[in-house]
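Spelled out, the chains give:
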Amino acid sequence: MAKERRTHVRHIIDTRQRGRVLKHVADELGLVSFGAVDHHSDEHDVIRGLTVSTTHKDRHYIVGNHQGYDIALVDRSDRFKRPRGGSERHNWVILQVALPNVTEMPRLFLMPSTKDDRFLHLFAGERHLSPLDSYVLTDFKEEFTRRYTPYVTPRSSHSVQDILDTHFTGGLAAHFWPHAVEWHRQHVYVYITEHRLDEAVVLGALSSALWLADALDQRYA
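Predicted model, so just to flag it, every value in this text is computed and none were measured.

### Considerations on the nonpolar core
Alright, step 1. In this structure, Val 97, Leu 164, Leu 172, Trp 183, Leu 212 and Leu 216 are the most contacted members of the largest nonpolar core, which totals 45 residues.
Alright, step 2. Here this core takes nine residues from helix α6 (residues 199-220), the largest share from any one element.
Alright, step 3. Contacts of Leu 216, omitting those with residues within four sequence positions, involve Leu 99, Val 102, Met 105, Ile 163, Phe 168, Trp 183, Val 188 and Ala 221.

### Some details on α6
Alright, step 1. In this model, α6 (22 residues) spans 31 Å end to end at C-alpha, consistent with the 32 Å of a helix rising 1.5 Å per residue.
Alright, step 2. Listing the buried residues of α6 in full gives Val 202, Ala 205, Leu 206, Ser 208, Ala 209, Leu 210, Leu 212, Ala 213, Leu 216, Asp 217 and Tyr 220.
Alright, step 3. Between a side-chain oxygen at the N-terminus of α6 and the backbone nitrogen of Ala 200 the separation is 3.1 Å; the capping residue is Asp 198.

### Describing the packing of aromatic side chains
Alright, step 1. Within this structure, the stated rule accounts for nine aromatic pairs.
Alright, step 2. Centre to centre, the rings of Phe 119 and Tyr 191 are 5.7 Å apart; their planes meet at 75°, and the pair counts as edge-to-face. With Phe 119 in the loop between β5 (108-112) and β6 (130-131) and Tyr 191 in strand β9 (residues 187-192), this pair connects stretches of sequence that are 72 residues apart.
Alright, step 3. The buried category is assigned to Phe 119, whose relative accessible area is 1%.
Alright, step 4. Taking relative accessible area as the criterion, Tyr 191 reaches 1% and is therefore assigned buried.
Alright, step 5. Aromatic side chains Phe 176 and Trp 211 sit 6.4 Å apart centroid to centroid with 55° between the ring planes, which places their arrangement in the tilted category. One end of the pair, Phe 176, is in helix α5 (residues 166-176); the other, Trp 211, is in helix α6, with 35 residues separating them in the sequence.
Alright, step 6. Through a chain of ring-to-ring contacts, the aromatic side chains of Phe 168, Phe 176, Trp 183 and Trp 211 assemble into a single cluster.

### Considering the pairing of β5
Alright, step 1. Burial runs high along β5: five of the five residues are buried.
Alright, step 2. Taken together, the five bridges between β5 and strand β7 (residues 148-152) define a ladder with antiparallel strand orientation. Considered in β7, the bridge of Met 111 is made with Thr 149.
Alright, step 3. Relative to strand β8 (residues 180-184), β5 runs antiparallel, the two sharing three bridges. Along β8, the bridge assignment pairs Phe 109 with Glu 182.

Scoring rules and cut-offs
Residues numbered from 1 in each chain as written. Predicted model: local features only at pLDDT ≥ 70, side-chain atom pairs only at ≥ 80, totals over all residues. Heavy atoms only, no water. Core = buried A, V, L, I, M, F, W, Y, C linked by side-chain atoms within 4.5 Å. Buried < 20%, exposed > 50% of the residue type's maximum accessible area, 1.4 Å probe, protein only. Helix = DSSP H or I, 4+ residues; strand = E, 2+ residues; numbered from the N terminus. Contact = heavy atoms within 4.5 Å. Expected span 1.5 Å × (residues − 1). Polar contact = N/O pair within 3.5 Å; in protein donor to acceptor, adjacent residues only side chain to side chain. Phe/Tyr/Trp six-rings, centres within 6.5 Å; stacked < 30°, edge-to-face > 60°. Pairing = 2+ DSSP bridges.

All quantities given are derived from atomic positions and should not be read as evidence of function.
What follows is the structure in structure tokens.
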């Protein structure tokens with residue numbers, strides 16, 4: 001009980017710290033901050049992606065336009081049951097970028113090799129996502145394959161391979177490590193999992209997300 005209480009207090013402290021950072025980022029970029037939002041009733045567009053669920057909680061919801069792209073940020077948490085009993089909480093600061101010139105992209109999720117504990121449990125509800133065949137990875141930048149495992153749907157496997165060439169995978173590894181990345185339909189998502197968030201991390205992730213949005217815009221528009 002005492003351990004659970006300490007964990008709860010730590011979660012509250014971390015949430016407030018992340019909120020201060022995100023509010024500063026919003027102010028610096030001229031974005032609008034809404035605080036906590038209820039995805040069941042509030043009139044806000046839900047940030048989707050792999051972490052969306054019926055039980056997640058979104059705090060520090062921020063939206064606006066930056067460098068011609070509609071962006072949104074949110075501090076999301078969810079609680080999951082452990083296989084052997086009990087539960088654990090996971091947090092992600094999620095950055096979403098909408099691609100205005102893209103109608104549909106094949107789905108891809110880039111799992112960072114050191115953060116798989118934050119995401120693997122989510123694949124229970126995403127059975128159609130599986131790791132890209134290992135023989136394909138030989139064509140990718142070595143730095144990329146060391147840092148990331150690409151997850152794709154069977155339907156999107158070939159079209160994803162078309163864009164994940166040596167040059168592009170090198171750019172992904174350099175720009176995004178250690179964050180997870182997803183793109184699907186008309187959005188790019190970047191998942192930040194650091195407990196002690198700072199403005200440099202958020203702004204760096206935003207800069208990388210805009211680089212990726214430009215690249216995908218040119219590829220899929």
